[in-house]
Amino acid sequence: MAEQFDHPAADSPDAPRAVRPWVVNPQTGAVDLDRQPLPGEPEPDHFAILGLPQRILLDADAIEIAHRSLIRGLHPDRFHAQGPQAVAKAQSHSSRVNDAWRGLKTLEQRAAYVLTLAGENLDERYRPPAQLLMQVMEANEAIDEAGNDPAARVQLLELLSDFQAQRAVLTAALAQAAASWDAAQAAVDPAAALTARADLRAVLGQARYIDNLIGRASAALSAPDAAYPAN
Amino acid sequence: MAIQISFGGEKRQEKPVVAVGIDLGTTNSLVAYVGPDGQPRVIAGEDGAMVPSVIAFDADGQLAAVGHKANAALLTHPDRTIYSVKRMMGRSAHEIVHELGLLPFQVHTAPGSAAVRIEVAGQKLTPPELSAYVLRELKRRAEAHLGQTVDKAVITVPAYFNDAQRQATKDAGRLAGLEVLRIVNEPTAAALAYGLDKKPEGRIVVYDLGGGTFDVSILAMHEGMTEVLATGGDTHLGGDDFDRLLVETVAAQLERAGMSVNGDAEKLQRLRKACIELKIALSAAEHATVQAELVVGQRMELAFDRSDFETLIAPLVERTLAPCRQALRDSGLTVAQLDEVLLVGGSTRIPLVRRKVQELFGKVPRGDIDPDQVVALGAAVQADIMTTGRRDMLLLDVTPLSLGMETVGDVVVKIINRNSSIPASATEEFTTSVDNQTGVVVHVLQGDRELVKDCRSLAKFVVPIEPLPAGLARVAVTFLIDANGILHVTAKDVRTGREKSIEVKPSYGLTDDEVLRMLEDAFDNAEGDLNNRMFLDAKNEAELILEATKRALLGPAGARLEPEEREEIDGAIAGLAAAVRTEQAEPVRKAQRRLNDATWRLAELSMAEALNAAVHDPQLATVLAQAPDPASVKPDHHGNRIK
């Protein structure tokens, strides 16, 4: 395990919690899933379930190792001999471990998740700047035409490479914002955390928007039957 | 105890319970088990390891045959013989009618039931009931081979099977008297069997083209853990489709030559059989010729070129490549990061398929696995993992399709994405929009498309809510996909923390009550099963007793018997051996009692011998000093002495 679960840091500058309340298994550093939270008590978050520190910048291998070592012991296949109740419990526990792992796999996911824990609503629509909006309109047109117009394909390819370049800039910006957030949390610095939070939010919004565009453009370019409208 | 050592031989060994692995295929099925040496083996019958997934009924609607014999009945009684049941599992009546096309079966639906029934030989049976016939045959085969009852199994399904198809398979297992330990995806099972042998560390892709379904899975294997990264497929594409194309092409040629087969079920079946032979021959040769007998007594020759066959099936083979590319994208890997390509399923013997797979993944596929057996072997390994605890291996699979919920505008909102590791869960909170509303209707769907009409309806249910002012009541509904890929739904009142019960009715297939009722009905017919089980128990016991008696006869006690006593024992031995051959429990029990009576004095003499020996063996003497009165360990009249 990369680190023990010993972060007393606040989860959110708005509603700081001195200590996370979950009971932790000293061997895995992960939260004790057998314990039912009391009414009103928050459910353990994904980081706690995997026994990881609540940070955006985490080593991908550390996440894999944490998941693997927990799931080995919790998977329902291991409990078959102990009867249906044990299997049901294992099912519930292992699904939570899998859910946590699935939710923390990428840096974007972790950034979005810490923002959600901090009370952000990420479902609000992102409004792109005017220049990007122009490109989006061009792209939409090219996507529609890509199937039967070679010129549109060329244009779409150019737009795609431009979007990919913008995405690379955003990836770097996201890593930077993530580092500031993690540092602010570790230092229990609410002012720095607020700035980092705004940065994260902006970068994440743009990144999602561009990802969507890249996905649609690539699909239009690679689909062999792009000339036919999808049904 | 000493007396028992001298007479009864070793203590009776309770045979460990064996759980089997079953590959329930569209065209062929297999059963495998893991022996004491840890190696998985396929159980072969007199007619080979593969059991055709074909069921034949007689004119009265009674089961006539399963497997090879039923396959033969396809030609003589196509109207009472049913095959490709797997394609009907968990499907709607509309889909089945659409899919069966040429087959002469009526499909029925009954009001108040989401289950589809197929009419065959005057009976209306659901696909799980039909599959249960095949499973029972495999169970019988395993029991005959292992000499013990088998009631636990791991059954494989195509990775791309949806919830309803998995549930239908599980129901079939229950109806066949099997506890289904786990539903495992076929490509995953193949990887498990392969991994057991080769212990690969790395990423492998399994391309599985069977009789009726296509799957592709990308897996990572490390330290005994087999983790599925992504899967994709088409449950409507396989070797059967190649057969159909070939049949259609040849039928059109025959039509032009003035020999119509249209509308004639028997001729069509004979043609289909010849075309399958042709297809198989074309995997080995550039040009193939087969003899066909569409009308008895009229032989004819059918010839085909491989290149023409390849042109015919190329679009279908091409269709398998899109799911491969999608799975690769979903896994986040590139072709260069893959270490091995495994081919599974009989249709991967077709050279064109091999070429296309090699082209796509840029690697020569492994040739050292048997594409027909590897899935059953893997299922047996998983059964062994789950029942013996002797292997530190774990299978971590994924759900092939996204799970979603209907929302306004007939749109599906995703709650668990495809390729999520299972078990997986998601919790959604529901509240009310008007005062005193008592429930919210939830429609669960599976699929990756945006609109309700393009996804597969799994179930609809009502979340009960206490009548309160709008927005005040809150109910959390948890959707859990278990390790079998089957959905479970639970609900909890958020304010009180109390569990709420909800009744989930499947959109397709049997409800739990329907399965229970079928099991109860089957119980009336279960005499045969029970007899078989009792016979196996009696046979085991008889074999142990026979062996022990023969050994005692060879010893000094045997030599001291009177000739007529010896004669009586020999007669009883022969009687018991004959009784075992009747395969009936009662005669075996009877013959066993006779042998018990006949060996009364032999047992006494053996005990005396043992006591005599003990006098000369100080170690044994102390043991005997603690032994009960020899009379109390005399054989009783139920043959239970060596338990």
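Rules of the game
Residues numbered from 1 in each chain as written. Chains lettered and ligands numbered in written order. Predicted model: local features only at pLDDT ≥ 70, side-chain atom pairs only at ≥ 80, totals over all residues. Pairing = 2+ DSSP bridges. Helix = DSSP H or I, 4+ residues; strand = E, 2+ residues; numbered from the N terminus. Axes fitted to C-alpha atoms, helices over the stretch in contact; angles between N-to-C directions. Contact = placed C-beta atoms within 7 Å. Nonpolar A, V, L, I, M, F, W, Y, C, P; charged D, E, K, R; others polar. pLDDT = per-residue confidence, 0-100. Core = buried A, V, L, I, M, F, W, Y, C linked by C-beta atoms within 7 Å. Buried ≥ 20, exposed ≤ 12 C-beta atoms within 10 Å, placed from the backbone. Expected span 1.5 Å × (residues − 1). Arc of directions from axis to C-beta. Domains from an automatic or database assignment.

**Observations concerning the sheet that holds strand 5 (residues 54-57) of chain B**
Residues and elements named next belong to chain B.
Move 1: The strand order 6-5-7 describes an open sheet built from three strands, whose pairing is antiparallel. The sheet terminates laterally at strand 6 (63-66) and strand 7 (81-83), the two strands that pair on one side only. Across the sheet, the mean angle from the axis of one strand to that of its neighbour is 20 degrees, orientation sign disregarded.
Move 2: Across three bridges, strand 5 lies against strand 7 in antiparallel orientation. Across the sheet, Val 54 pairs through a bridge with Tyr 83, a residue of strand 7.
Move 3: In this fold helix 2 (residues 68-76) packs onto strand 5, strand 6 and strand 7, with an angle of close to 65 degrees to the strand it touches most, strand 5.
Move 4: Relative to the sheet, helix 4 (residues 127-146) contacts strand 5, strand 6 and strand 7, its axis offset from that of strand 6 by approximately 60 degrees.

**Topic: the interface of chain B and chain A**
Interface size, as often reported, equals the accessible area lost upon joining of the parts.
Move 1: Contacts between the two partners involve 19 residues from chain B, matched on the other side by 15 residues from chain A.
Move 2: Mapped onto the side of chain B that touches chain A, the elements with two or more residues apiece are strand 12 (179-185), helix 11 (374-388), strand 19 (394-396) and strand 22 (424-431) of chain B.
Move 3: When grouped by side-chain class, the residues that make up the side of chain B that touches chain A number 11 nonpolar, six polar and two charged.

**Here's the deal with the confidence of the model for chain A**
Residues and elements named next belong to chain A.
Move 1: Of the residues in chain A, 82% have a pLDDT of 70 or more, and the chain-wide mean is 80.
Move 2: Mean pLDDT values for the elements of chain A range from 81 in helix 5 (residues 130-145) up to 93 in helix 3 (residues 84-103).
Move 3: The low-confidence segment residues 1-19, where pLDDT is below 50, has 35 contacts with residues more than four positions distant or belonging to other chains.
Move 4: Taken as a whole, residues 224-231 scores under 50 in pLDDT and shows five contacts with residues more than four places along the chain or in a different chain.

**Thoughts on the nonpolar core**
Move 1: With 163 residues, the main nonpolar core has Leu 50 of chain A together with Val 20, Ala 32 and Ala 379 of chain B as its most contacted residues.
Move 2: Sorting elements by how many residues they give to this core places helix 11 of chain B first, with 10 residues.
Move 3: Ala 142, Ala 146, Phe 163 and Ala 207 of chain A belong to the second largest nonpolar core, which has 26 residues in total.

**Concerning helix 16 (residues 585-598) of chain B**
Residue and element names in this part refer to chain B.
Move 1: Over its 14 residues, helix 16 runs 20 Å from end to end, which matches the ideal 20 Å to within 8%, given 1.5 Å per residue.
Move 2: All buried positions along helix 16 are accounted for by Val 588, Ala 591, Gln 592, Leu 595, Asn 596 and Ala 598. Seen end-on, helix 16 carries its buried residues on one side only, within an arc spanning 160 degrees.

**Some words on the domain arrangement of chain B**
Residues and elements named next belong to chain B.
Move 1: What the domain assignment reports for chain B is domain 1 (20-238 + 314-395), domain 2 (239-313), domain 3 (403-520) and domain 4 (530-633).
Move 2: Look at where the C-alpha atoms of domain 1 and domain 2 centre, and you get two points 26 Å apart.
Move 3: Contacts between the two partners involve 23 residues from domain 1 and, on the opposite side, 14 residues from domain 2.
Move 4: In terms of residues, the side of domain 1 that touches domain 2 owes the most to one element, helix 9 (residues 306-331), which gives three residues.

**Here we look at the sheet that holds strand 14 (residues 214-222) of chain B**
Residues and elements named next belong to chain B.
Move 1: Within the open sheet, the five strands sit side by side as 18-13-14-15-19. Their pairing is mixed. Pairing within the sheet leaves two strands with one partner each, and these edge strands are strand 18 (340-344) and strand 19. Neighbour-to-neighbour, the strand axes of this sheet turn through a mean angle of 25 degrees, independent of strand direction.
Move 2: In this sheet, strand 18 lies alongside strand 13 (residues 202-209) in parallel orientation, the contact comprising five bridges. Across the sheet, the residue bridging to Tyr 207 is Leu 343, located in strand 18.
Move 3: Each of strand 13 and strand 18 touches helix 10 (residues 351-361); the most contacted strand, strand 18, lies at about 155 degrees to it.

**Remarks on the domain arrangement of chain A**
All names here are of chain A.
Move 1: According to the domain assignment, chain A contains domain 1 (1-105) and domain 2 (130-222).
Move 2: Facing six residues of domain 1, the contacting portion of domain 2 comprises 10 residues.
Move 3: For the side of domain 1 that touches domain 2, the residue count by class is five nonpolar, no polar and one charged.

**Focus on the confidence of the model for chain B**
All names here are of chain B.
Move 1: Looking at chain B, the pLDDT average stands at 84 and 90% of residues meet or exceed 70.
Move 2: Between residues 1-12, whose pLDDT stays under 50, and residues either more than four places distant or in other chains, the model counts 32 contacts.
Move 3: Considering only residues more than four positions removed or in separate chains, one finds that residues 621-643, a stretch of pLDDT under 50, has 36 contacts.
Move 4: Interface confidence for the predicted complex, expressed as ipTM, amounts to 0.79; the pTM equals 0.78.

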